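# Fold and contact review
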Amino acid sequence: MEYWIKAEPDVNVYVNDINPLGRKTILFIHGWPANHKMFEYQYNHLVPLGYRCIGMDMRGFGNSDKPLGGYNYNRLADDIRCVIEAMRLRDITLGGHSTGGAVTIRYMARHNGYGVSKLALFASAAPSLIQRPGFPYGSTRETVEQIIQATYRDRPKMLRDFGELFFYQKVSEPFSDWFFQLGLQAASWSTIAVSKAWLAEELFHDLAKVQVPTLILHGIHDQVCLYPLAVAQHQGIRNSVLVPFENSGHGLFYDEREKFNRELSRFVG
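Residues numbered from 1 in each chain as written. Predicted model: local features only at pLDDT ≥ 70, side-chain atom pairs only at ≥ 80, totals over all residues. Heavy atoms only, no water.

### Quick look at the nonpolar core
- Grouped together as the largest cluster of nonpolar side chains are 89 residues, with contacts concentrated most on Leu27, Phe28, Ile80, Leu94, Phe122 and Leu264.
- Among the elements that line this core, the one with the most residues is helix α4 (residues 141–166), at eight residues.
- Contact partners of Ile80, with chain neighbours within four places excluded, come to Leu27, Ile29, Met56, Leu94, Val103 and Tyr107. (Core = buried A, V, L, I, M, F, W, Y, C linked by side-chain atoms within 4.5 Å. Buried < 20%, exposed > 50% of the residue type's maximum accessible area, 1.4 Å probe, protein only. Helix = DSSP H or I, 4+ residues; strand = E, 2+ residues; numbered from the N terminus. Contact = heavy atoms within 4.5 Å.)

Right under this line is the structure:
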């Protein structure tokens, strides 16, 4: 079932509700610069096991509307609230990859975990994607600024270069092309706006507000959201479990998809 749910008067976000009659619900929030289709290797495993999988495209990405504004974490978290309310979701697992993971943390803090009983973070860009005073573990500000400038200059090349950093395991050329196309489906301005949000957003205080059991999955070879970010998440979130992925980069959902699906389904229950 496909839906467009109103987030603002002129902004609708796209949701794909797979197996609506499933016994337990997982709402997936994708990472930059892709869309909900990045989780197809989870849908194909989890749906036959009886799970209801809901993939949401964040505004500006995939099939969602692509306004010029609204790409800070507060607004993106509010969009999730709109989806959860409109679909009347309760007792769900909220899962987010990379920037999507950061936005789910903001959602838990800003909306007091409304409708969510468990949180799953996949290579999450939290508590800060970039290094800050007292937090030397992220990427450099200069690295993000280079991504922004590369997007202005030649977005397809930026996406190709980013894709080469994404996976630790070798992927086929057709798979690489498919993943590249996910990034092209986003608007250029939303791609840039979220990149700029990385420079401004931090979630150090949000972590302590997460009050539900939390699963943290993170590749130790991640070149985008470095592994020490996962350690900081584990330290900051009470009742969290950190599972390292020894043979994964940023794309652990595909690098070690069997382990990823096993850990996630075990956690959801």
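### Focus on helix α2 (residues 73–86)
- Its 14 residues place the ends of α2 20 Å apart at the C-alpha level, agreeing with the 20 Å of an ideal helix rising 1.5 Å per residue.
- Those residues of α2 that fall on the buried side of the exposure criterion are Tyr73, Arg75, Leu76, Ala77, Asp78, Asp79, Ile80, Val83 and Ile84.
- Backbone nitrogen of Asn74 and a side-chain oxygen of the N-cap are separated by 3.1 Å at the start of α2; the cap is Asn72.
- Arg88 sits one or two residues past α2 and shows a positive phi near 55 degrees. (Expected span 1.5 Å × (residues − 1). Polar contact = N/O pair within 3.5 Å; in protein donor to acceptor, adjacent residues only side chain to side chain.)

### With respect to α4
- Compared with the 38 Å implied by 1.5 Å per residue over 26 residues, the 19 Å span of α4 between its first and last C-alpha is markedly short.
- A bend of about 135 degrees at Asp154 is the largest found in α4, and the proline Pro156 appears one to four places after it.
- Within the sequence span of α4, burial applies to Val144, Ile147, Ile148, Ala150, Thr151, Arg155, Met158, Leu159, Phe162 and Phe166.
- Those residues of α4 that are buried lie in contact with β5 (92–97), α5 (173–184), α6 (188–200) and α9 (252–255). (Bend = angle between axes of the 7 residues up to and from the residue.)

### Quick look at the side chain of Ser128
- With respect to the helices and strands, the residue Ser128 is situated in the loop between β6 (116–122) and α4.
- A relative accessible area of 0% places Ser128 in the buried class.
- Here the side chain of Ser128 touches Ile130 through a polar contact of 2.7 Å, landing on its backbone oxygen.
- A distance of 2.8 Å separates a polar atom in the side chain of Ser128 from a polar atom in the side chain of Arg132.

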